[in-house]
Every structure is written in structure tokens, then in C-alpha cells.
Amino acid sequence: MSTETKPDIDIDRSVGDFRYEMDYAFDAGVGLTEATIDYISDVKGDPDWVRAFRKEGYRKFLEKPMPTHWATKDLESIVFENIRYYLSQGQVPKRTWDEVPDDIKRTFERLGIPEQERKFLSGVEAQFDSEAAYSNIKAAVGEQGVIFVGSSEGLKEHPEIFKKWFGKVIPSGDNKFSALNSAVFSGGSFIYVPPGVKVKHPLQAYFRINAQNFGQFERTLIIVDEGAELTYMEGCTAPKFETATLHSAVVELVAMKGAKIQYITVQNWSSNVFNLVTKRGIAHEDAEVKWIDCNIGSRLTMKYPGVVMKGKGARGEVVSIALAGDGQHQDTGAKMIHAADNTTSNIISKSISLGTGRSTYRGMVHVPKHLKGCKNNTECDALLINSHSRTDTYPAISVRGQGNAVQHEASVSQISAEQIFYMQQRGLSEAAAMSLAVNGFVNDLVQQFPMEYSVELKRLIDLEMEGSVG
Amino acid sequence: MSANSSSSLSIRDLHASIGDKPILKGLTLDIPKGEVHAIMGKNGAGKSTLAKIMAGHPDYTVTSGDVLLDGESILGLEPDVRARLGLFLAFQYPMEIPGVTIANFIRAALQARLPEGEELEATDYYAKLYAKMDALSVPRNFTSRSVNEGFSGGEKKRCEILQMAMLEPSYAVLDETDSGLDIDALKIVSAGVNALRGPNIGMLVITHYQRLLDYIVPDKVHVMSEGRIIHSGDKDLALKLEAQGYDWVEKEFGESGTRAA
Ligand SMILES: Nc1ncnc2c1ncn2[C@@H]1O[C@H](COP(=O)(O)OP(=O)(O)OP(=O)(O)O)[C@@H](O)[C@H]1O
Ligand SMILES: [Mg+2]
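Owing to the predicted nature of the structure, the values given are computational and were not obtained by experimental measurement. (Residues numbered from 1 in each chain as written. Chains lettered and ligands numbered in written order. Predicted model: local features only at pLDDT ≥ 70, side-chain atom pairs only at ≥ 80, totals over all residues. Heavy atoms only, no water.)

Right, let's get into the overall build of chain A. Helix and strand counts for chain A come out as eleven helices and 24 strands. Its C-alpha atoms give chain A a radius of gyration of 22 Å, near enough to 23 Å, the size a compact globule of 470 residues would have. With the principal axes as the frame, chain A shows a C-alpha extent of 65 × 60 × 45 Å. Expressed as a percentage of its 470 residues, the buried residues of chain A come to 62%. Relative to all contacts within chain A whose residues are 6 or more apart in sequence, the contacts with residues 24 or more apart total 84%. As displayed, chain A offers around 17300 Å² of accessible surface, 50% of which is attributable to carbon and sulfur atoms. (Helix = DSSP H or I, 4+ residues; strand = E, 2+ residues; numbered from the N terminus. Rg over C-alpha atoms; globule rule 2.2 N^0.38 Å. Buried < 20%, exposed > 50% of the residue type's maximum accessible area, 1.4 Å probe, protein only. Contact = heavy atoms within 4.5 Å. Areas by Shrake-Rupley, 256 points an atom, 1.4 Å probe, with all protein chains shown as cover.)

This next bit is on the site of ligand 1. All names here are of chain B. In the region of ligand 1, 15 residues are neighbours, and Ile18, Lys47, Ser48, Thr49 and His208 sit closest. Interatomic distance of 3.0 Å between a side-chain N/O atom of Asn43 and an oxygen atom of ligand 1. The contact in question runs from a nitrogen atom of ligand 1 to an N or O atom on the side chain of Tyr60, over 3.1 Å. Among the secondary structure elements, those contributing two or more residues to the shell around ligand 1 are β2 (21-32) and α1 (47-55). Considering every element that reaches the shell around ligand 1, the biggest residue donor is α1, with three residues. (Near = heavy atom within 4 Å. Polar contact = N/O pair within 3.5 Å; in protein donor to acceptor, adjacent residues only side chain to side chain.)

Bringing the interface of chain A and chain B into the picture now. With 19 residues of chain A in contact, the opposing surface of chain B contributes 35 residues. Viewed at the interface, chain B and chain A are joined by one salt bridge. The salt bridge partner of Arg426 of chain A is Glu160 of chain B, with a shortest N-O separation of 2.6 Å. Linking chain A to chain B there are 14 residue pairs in polar contact (both at pLDDT 80 or more). Those elements giving two or more residues to the side of chain A that touches chain B turn out to be α9 (417-425) and α10 (430-446) of chain A. Ranked by residues supplied to the side of chain A that touches chain B, first place goes to α9 of chain A with seven residues. (Salt bridge = Lys/Arg side-chain N within 4 Å of Asp/Glu carboxyl O.)

A word on the pairing of strand β9 (residues 171-175) of chain B. All names here are of chain B. With five of five residues buried, β9 is to be regarded as a mostly interior element. Two strands pair when backbone bridges link them, and strand β6 (residues 87-90) and β9 are joined in this way by four bridges, in the parallel orientation. Across the sheet, Leu87 pairs through a bridge with Tyr171, a residue of β9. Pairing analysis gives five bridges linking β9 to strand β10 (residues 202-206), with the strands arranged parallel. Pairing of Val173 across the sheet is with Leu204, part of β10. The parallel pair β9 and β10, bridged by helix α6 (residues 183-196), forms a crossover whose chirality is right-handed. (Pairing = 2+ DSSP bridges. Right-handed = clockwise from strand over helix to strand, strands pointing away.)

Right, dumping it as C-alpha cells:
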């Protein structure tokens, strides 16, 4: 009706879109060869077994084809020769923000990390390109025996726990990108929670990409011992670059008997990041692993958090929200591997596609024949916001044997013009009406995020919606 | 032009269509602030269409005529701008908004009326919301229910009036707010509407039933047929319509139309 043209709002406009110039003391250069891996191992002072692990990962990376027989052809746009695999100032993570170099500190201050740490966290690790700049745990939590350090420190200082589980939940050859990560990993967290310790406030990691043509390959390993509990949160941003950036993490979780792990991700990548992440947890007897995952932004995200329910009575859960803005593809889902009796898994996935954005759900639920009393519930709902949007669902449920129950529900809905009119009639602008409806669509899932994150999530959704209407 | 056009909702010789099907065919109506007018008319006469066109529904095309709010044309304005200027429509069929609670919805609507940077005061808001809910006998736990989702027909209508009470419009169009209400609810909703009556609001009440007009006593009653107002009178007209139907009005109008031609 109104003829004024609305300004073309850049949809990546958000707190994360800024960048400072940096000088890097250590730069592995462009491209990936064995020499690159030796360079990284040298800079990091890797033990021999880690160097060997990297080389094996590299071999597997070369062997494995791009998975374009099932995944998008857009993967072929990644030019591995053009990527820089390691960039750092050679820093050892600092324990206080005062010690963090100013040029890095200002980035995290602008992202509000030190403030969040003071307010509601048990500890923070802040990674800048390849290495953590800051890593600290509150004294009271440290005194309970909780270990929270970067992966490099973890493998050197705590080899007895680290080696036992590293690469065991996700073997390096799991897929092409887990192999790549195994070859060049740097940064990420190592966490150990001793038996019976319930960490009250979340531990948080923040991953920041600052450099262009760069690949970030953090590696996180979390072990929560018998009867212990942990909530871990990660946030990620990168500024908007002209060229493609790669983020390819591997996250392994181990929940021992009766332990609980909740792993929360809020990703807000800029629109040219390829975000190809492998995440999996093992839940032992009566343990619980829950992934709460929110993917906003990126050019392509491929991520299917998984839980292997190895012990009787184990529970796995994936709660995910994906928002595919114009030109973006969110290819997400979940993998639930039931490997013991009376195990329960629950998958709730909600995706929103805007403009030319595309959402894909891939779910895998596996219950072998010999098991009894296993249950899976899968719900996936897609919301399409205008005719170019696209959504696909590929559930692969293989449930055998008797006395195992699965329930699968899927829906595709749209926000109707009548709903928007109704809301506009109450005084909300079209964009505000859209935002409200989208927030309503994911509301039940957003409730599961800690307060601070749900507020942030709402803000990110509002920003995306603002840019997509008009 | 009427003398008080600067404080009225005024519809001038309005023609409108959907696609190439004309629905409003020269409708003129003036609702001064402080008055309550009722529109009655057969199914399909165009009553809801009139309401939606005033509110700016994008599906309809106004081919000629005008709608003035306090003397200013609102036809070029987005629906939300019209709403913020003070126009409220209680829908015949209110929409469901899954996942958006009533409390958040009304709050967002009020927030949208504040200048940029100003935040709605939460305590005052809830105090007012609860008071209005109590007055309309809407259970308190409705605040956390999604807008209209799973509501009974009567609950939806009550919720429309709740929104009206919270948004305090200067002109309100109530489209069959009485349909689907049981007798008790009809009394409660009517009392709610009457409580909002006053010199600062003009109302247009669309209904099929004289009964509603026993509770909400109109200043004027209009009969709509085939996209026009064919007859206007005082509240007694509703009684006559109830008793005798619409045929006599249409006949009278037909004859006068023929005479005029
Ligand atoms: N979107 C539409 N597409 C096609 N025809 C429409 C549309 N909207 C309204 N109409 C037609 O316009 C005419 C008027 O409809 P409207 O809903 O305004 O009637 P009404 O007077 O409110 O009727 P009721 O008393 O049954 O509510 C009807 O013939 C209806 O079918
Ligand atoms: Mg109607």
C-alpha cells in the first residue's frame, strides 16, 4: 500500500559485525600440506602422539570425498588451498582480562563477554582465531576439582584423562571435516568434572573469527564423571568478509554413569562462513546428554549433534532452532544411537526459512534389534516465510526389535497474511508482527535456553526479521 | 460534509472490490465520537468487508470514495499506522498466533504506541491487564495462553474486547462480537463495551441480533445491503428488523432507488 521504498537492511548487521586489524606472530600461511601440520605442531609444542594423530587425520581428510552425494554441492565452493589454517599471537591464555592484549580484549569487551562472566558464569574461555586469549574458572568451582582449560593445555597437563577419550567419541575418520579438524585442530575447551560435582553456573566458551580466509578448528572434549552435572554454553561470531571463511569444530562429550551434560550453542555466523561441525556425546548408564542448538547465520551450516546411549537407561536429547536467512542453508538435525536397553531419545527441531533461505532436517535414529524398552520421539517443524523458502526433511529411523517405540511428527507451516493483518491491526508494524510470530513459533524451545541466552536469541531473530521484510 | 467531521470516523461514497468483484457500492456513513452506531444486514451484505477495508486489509481495492479518521484520509496508510491512529477492529474471526501469549501480544501492541526508546512499565501494565481481565471475567491464566489458540468461540470474542479495553482506541468496529457468546458472556462483554463508551470513542457495532442492542443501546441503526446503507434509524429500527426481517427495507429502498433513477 505505501509506496515508499524501505531501506535495504543488511541482514548481517549485528553486534558481531566488526573487526580490528591484527598482526599475527604465528601464521601457518595459506593452504594445507604436511608442512602446515608440522608448523602447527611445532608452534603448539605438541607431544608426538598428537602430531601422529594430526597426520593420520590429514591422510583421512585427503582420502575422503566431499559428501556431495547426499549434501549440497555448495561444499565444492570451499577452496582448501586458499584457507589459512593457523593464526595466533602465540599467546598462552590469560587468567585475567587485564593481561589480555588490548587489541584482542576490545573485541571481547564489545561482545560483552567479561560482563557476562561477572554476571552469571562459572568460567569463560575466549578464543580469538586459533587460540584462546583468555581462560578462567571461578575459584570456588576450581576448588571442587573442576578442570576448565584449552585443548592444548588439557592434552599436556591432563594426559591421563584426555588421551582416554580424545578421538574416541568421534573418530578422526568419522567424516571429511572431522578428519580435517583432527589434522589442524587448535583451541576449544577441555573440561573435566569430578564425580558428584554439580557445577551450578554454566561454563562458557566464545569463539571469535577475526581473520579473513581463515579456518577455525577448535576441538572440545568434556568429561563429566559419575553423578556430576555441567552446563556448557558456546557462542560464536565472525565479522562479515568478502571471502568464505571456514569453521569446522569437533566436540566430544562423555557423560559417565548418572551424569548430566547440557551443551548449549548460540551461533550467529556472518553469511559467508561455512560452518561444518561434528558434535557427539556418549551417555553411560542413566546418564543424560542434551544438546540445545541454535543456528543463525552462516552460508552453510551442516551439523547433526548426536548421542550414543551406551548404558542402560541413558537419555539423549537434541533441541534445535535453525534460522536460514536469505541465501543461507541450514542443514541440521540429530543422530540418536541407542546401544542399550531402556534408553530414551528426544529430538525437537524447529527451522525457519526466510527469503531464499533453505532449511534441511536430517535425523537418524538407530535402535538395533536386540534391544528392549527403547523410545524415541522426533518432532520437526518448519516455518516458511515467503514463497522462495524451501525446507526438506530426511528422517532416517531404523528401529528394530520389539517393545521399542518411536513417534515421529513433522509439520510445515507458514505465517499467513491474515495473521500478519491481525497483528498489524493491533498496531504492530509488519516486521514486528513477523518477528513476534517467529518468536512465537520457537517460543517453547527458547524457554529451554538460560535467560541471558533467550534474550539474545530473541534479539537476533528480531534483527533477521527486520532485514527480511520490505 | 457534516459539521463534526473533524471528530468522526467518516466513510464517503466508498466503492471497493476484491479482484474484479465489487463488494462495496457507494457506502456512506458517519460515526461521530461519543456515539454508538449499529449495522445490521443479511449474510454477505459486505459488513465484514467494510470493517476490513477501514482497517486496511491488503486484499481489497478501494476504487473510489474515502475513509476519514478525524477529518484525515487513512486510505493510503498501512494497517498498523491506522491502528496506532486509534482505529480498532474486533474481528468476526480472530486469528490464532501460536506461541505468542496474550500478555506478550498486548504488551507488544502497547509498546508499538510508545516513542522510540521508551519502555512500557511492566508493573503498571500487568496491574491494568489483570483489572481488565477481571472485569471481563477472563481467567488470569489466560495471560500465558497463546493468542486465540484453542480458545472457544466465546473466549475469542472476550479476548477481542480485552484487547480493545487495553488499547483504548478512539474508534472501534465490533464485527459480530456477540455471535458465539452465551447469555452470561453476552452480558459481561456488553458491560465491558459499555464501560468503554464515552465522549472519546466512536463505535460501530455489527450484529445480526437485536438482543445485543438491548445491552449496548445504539444511537443509530443502519441497514446494509449489497454494499450500501439502505436505511438508517434509531434503536427501534432493530426491533422492527427483528420482527419483520429485511425485505421491507429492501423493497422501500428499491422503490426509492427507482424513483431517483
Ligand atoms: N476474499 C474474498 N474473496 C472473494 N469474495 C469475498 C472475499 N471477501 C468477501 N467476499 C465476498 O464479499 C461478500 C461480502 O462478504 P462479507 O464477509 O463482508 O459479508 P458480511 O456482511 O460480513 O456477512 P456475514 O453476516 O455472513 O458475516 C460476500 O459475498 C463474500 O463472499
Ligand atoms: Mg461478517
